[in-house]
Each structure stands twice: as C-alpha cells, then as structure tokens.
Amino acid sequence: MNKLGYKLILASASPRRRELLDQIGMEFEVMPSGVEEKMESTVPYEMVMELSARKARDIFHRLSPEKRNGAVVAGADTVVAVENKILGKPKDEKEAQEMLSLLQGRTHQVYTGVTLIWKEHAQQTEGEEMGKTSFYERTDVTMYPMSEEEICAYVESGEPMDKAGAYGIQGKCAAYVKEINGDFYNVVGLPIARLYQEMKKISLVHEHRGDMNAASQE
Ligand SMILES: Cc1cn([C@H]2C[C@H](O)[C@@H](COP(=O)(O)OP(=O)(O)OP(=O)(O)O)O2)c(=O)[nH]c1=O
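Here the structure is a predicted model, which means the values were calculated and not measured. (Residues numbered from 1 in each chain as written. Predicted model: local features only at pLDDT ≥ 70, side-chain atom pairs only at ≥ 80, totals over all residues. Heavy atoms only, no water.)

> Can you walk me through the overall build of the chain in this structure?
Tallying secondary structure elements over the chain gives 7 helices and 7 strands in all. For the chain, the α and β elements follow one another from N to C terminus as β-α-β-α-α-β-β-α-β-β-α-β-α-α. Partitioning the contacts of the chain with sequence separation of at least 6, the portion at a separation of at least 24 is 69%. Accessible surface, the chain as shown: approximately 11,000 Å² in total, 49% of it carbon and sulfur. (Helix = DSSP H or I, 4+ residues; strand = E, 2+ residues; numbered from the N terminus. Contact = heavy atoms within 4.5 Å. Areas by Shrake-Rupley, 256 points an atom, 1.4 Å probe, with all protein chains shown as cover.)

> Honestly, the layout of surface pockets in this entry has me stumped. Any pointers?
Any empty space left between atoms is shown by rolling a water-sized probe over those atoms. The space that makes up the largest pocket amounts to roughly 710 Å³. Lining the largest pocket are 34 residues, and of these Glu37, Asp77, Thr78, Lys89 and Ala164 lie nearest its centre. Those elements that provide at least two residues to the lining of the largest pocket are helix 1 (15-23), helix 2 (44-62), strand 3 (71-82), strand 4 (85-87) and helix 6 (184-188). The dominant element in the lining of the largest pocket, judged by the number of residues it contributes, is strand 3, at 5 residues. Class assignment for the residues of the lining of the largest pocket results in 17 nonpolar, 9 polar and 8 charged. (1 Å grid on protein atoms, 1.4 Å probe; cavity = no way out; pocket = protein on both sides within 12 Å on 5 of 7 lines; lining within 4 Å. Points joined across faces, edges and corners; volume = space filled by probe spheres on them. Nonpolar A, V, L, I, M, F, W, Y, C, P; charged D, E, K, R; others polar.)

> Hey, could you run me through the site of the ligand in this one?
Surrounding the ligand, one finds 20 residues, the nearest of these being Ser12, Ala13, Arg17, Lys55 and Lys89. Contacts to the ligand include Ala164, whose backbone N or O atom sits 3.0 Å from an oxygen atom. The backbone of Val188 places a nitrogen or oxygen atom 3.3 Å from an oxygen atom of the ligand. Against a free-state accessible area of 590 Å², the protein chains account for coverage of 95% of the ligand. Placement of the ligand is best described as lying within the largest pocket. Residue assignment for the shell around the ligand shows that the elements contributing at least two residues are helix 1, strand 3 and helix 6. Broken down by element, the residue count for the shell around the ligand peaks at 3 residues, all from strand 3. Its residues placed into classes, the shell around the ligand shows 7 nonpolar, 5 polar and 8 charged. (Near = heavy atom within 4 Å. Polar contact = N/O pair within 3.5 Å; in protein donor to acceptor, adjacent residues only side chain to side chain. Sits in = over half its atoms within 2 Å of the grid points.)

> What's the story with the pattern of salt bridges in this structure? I'm lost.
Any two side chains of opposite charge can pair, on the condition that their charged atoms come close. For the structure shown, the criterion picks out 14 salt bridges. Lys94 is the salt-bridge partner of Glu98, the closest N and O atoms lying 2.5 Å from each other. Residue Glu98 and its partner Lys94 are located together in helix 4 (residues 93-103), separated by 4 residues, close to a single helical turn. A residue is classified by how much of its surface remains accessible, and Lys94, at 56% relative accessible area, is exposed. Via salt bridges that share partners, Glu137, Arg194, Glu198 and Lys201 belong to a single interconnected network. (Salt bridge = Lys/Arg side-chain N within 4 Å of Asp/Glu carboxyl O. Buried < 20%, exposed > 50% of the residue type's maximum accessible area, 1.4 Å probe, protein only.)

> Sorry if this is basic, but what is going on with the confidence of the model for the chain here?
A low pLDDT score tells you not to read the predicted coordinates there in detail. Per-residue confidence for the chain gives a mean pLDDT of 90, with 88% of residues at or over 70. Segment residues 204-208: pLDDT under 50, and 2 contacts once partners within four positions in sequence are set aside and those in other chains are kept. In the predicted assembly, ipTM is 0.98 and pTM is 0.91. (pLDDT = per-residue confidence, 0-100.)

> I tried to follow the nonpolar core on my own but got confused; where do I start?
Inside soluble globular proteins, nonpolar side chains tend to come together where they are buried. Judged by nonpolar contacts, the single largest core of 43 residues is most densely connected at Leu21, Leu116, Tyr167, Leu190, Leu195 and Met199. For Leu21, the residues in contact, after removing those within four places along its chain, are Leu8, Leu10, Met26, Phe28, Leu190, Ile192 and Leu195. Ile9, Ile59, Leu63 and Ile117 belong to the second largest nonpolar core, which has 10 residues in total. (Core = buried A, V, L, I, M, F, W, Y, C linked by side-chain atoms within 4.5 Å.)

The following block contains the structure:
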C-alpha cells in the first residue's frame with residue numbers, strides 16, 4: 001500500500017514508466033497490457049487518452065474481484081506529433097531513420113495520455129460504471145539539426161527502437177535537444193507531477209467514502 005491509501009497497478013511494460021514511479025517513491029505493481037495500439041483517431045491527444053484507457057481497462061477487467069477492491073489501475077500512451085504526422089514506436093531501423101530525419105532541426109509535440117481506473121463503490125458489480133479519470137499533457141521539443149551520419153549512428157545504438165518518435169530524450173538523444181517547453185518527464189513517458197496530483201484526488205474520494213461508512217454505522 002502506498003501513502004495514497006490504495007494499491008497502484010501500472011498497466012505498462014515501459015521501463016521508463018516504472019523508473020518514474022520509483023523516482024517519486026511510489027509503491028506499485030506492474031501488469032503490462034498487450035492491447036492492440038491501433039487507433040482510428042488522428043488527433044494526438046484523443047489517441048493517447050483512448051489508448052491509455054484501453055490499457056487500463058484491459059488490466060482492470062483481468063483483476064480478480066478481490067484484487068479490484070482498493071486498487072487503482074494506471075495506463076499510459078505516448079506519441080510524437082510532427083508536420084501533421086503521428087509517430088509511435090518505429091517498426092524497424094529504416095522507419096527509425098525516417099522519423100529522426102523528420103524531427104531533426106524542427107519543433108515537435110510529445111503527448112502522453114494517462115487513464116486511472118478504480119472500483120467506485122465497494123458494492124459495485126461487474127459492468128457498473130467504474131471510477132475513471134483520463135488526461136494528457138503536451139510538451140514541445142525543439143531539436144538541433146542531425147546529419148545523416150549522426151542519425152545512422154544513433155539508430156545503430158539501438159536506443160530508438162522501443163521509443164515513440166524513435167528517440168529517448170533521457171538518453172543519447174539529449175545531445176540534440178535544443179529546447180523543451182513543458183514537462184520533461186512527459187516526454188520520457190509519464191507526466192509524473194500531474195499524475196501524482198490526479199492520484200491524490202482519488203485518495204480524497206476514498207477517505208470521503210470512509211467518512212460516509214463511519215457515519216452510516218452510528
Ligand atoms: C519520446 C520518448 C518516448 N519514450 C518511450 C516511452 C514509452 O516507453 C514509449 C512510448 O510507447 P508506448 O506505446 O506509449 O509505451 P510502451 O509500448 O513502451 O509501453 P506500454 O504500452 O506497455 O505502456 O516511448 C522514451 O523513453 N523517451 C522519449 O524521449
């Protein structure tokens with residue numbers, strides 16, 4: 001149990017997301033979701049909120065009824081938007097090179113959507129509306145120019161392959177980041193400060209319900 005008064009379950013395989021929750025001292029469990037990341041929407045913030053909700057819902061519904069009590073499931077999704085294109089993780093090294101050629105020397109946006117899902121009422125039955133909050137954060141990132149050779153060397157390092165936009169601002173690509181406007185951690189994969197503020201609100205709801213339960217026993 002963490003200091004928020006509930007179990008946090010991170011529905012993500014991303015090591016960065018685990019590291020960011022560790023960084024703020026959060027206790028949590030990891031249960032990666034394998035949901036398909038295909039999306040109809042072409043609006044980046046809608047896309048990341050919907051995909052984060054799919055991941056969170058997938059894990060929430062896989063939990064046993066007992067495990068759901070007092071648990072909050074968090075899902076997240078990050079995309080890079082540049083020149084009206086939405087970039088997820090590159091499918092191969094060629095695509096990674098194409099993405100980096102698009103991003104170098106320009107400003108792009110990084111959107112991370114987060115969804116938190118929990119069981120709203122102790123007596124809630126299957127299918128009843130769950131407690132849910134979804135939000136996104138946007139960070140503008142401006143990159144210095146990168147030569148063909150620099151792009152090839154960076155792709156050969158392997159770092160781009162599991163990252164949206166084929167780069168890791170927290171890694172070697174820091175050498176090419178000229179300026180950012182917004183939350184740095186949002187680029188890495190979780191807007192950790194906004195997430196913590198949203199998680200605190202949920203613990204307030206739980207405390208309030210505790211008061212009501214206490215009142216009803218009088
Ligand atoms: C832009 C950027 C992305 N990333 C990473 C964060 C995410 O792990 C990944 C975005 O892909 P996502 O599909 O959001 O996440 P994921 O597939 O890694 O994990 P899961 O779906 O299980 O939650 O890109 C960085 O590490 N640094 C960066 O600078």
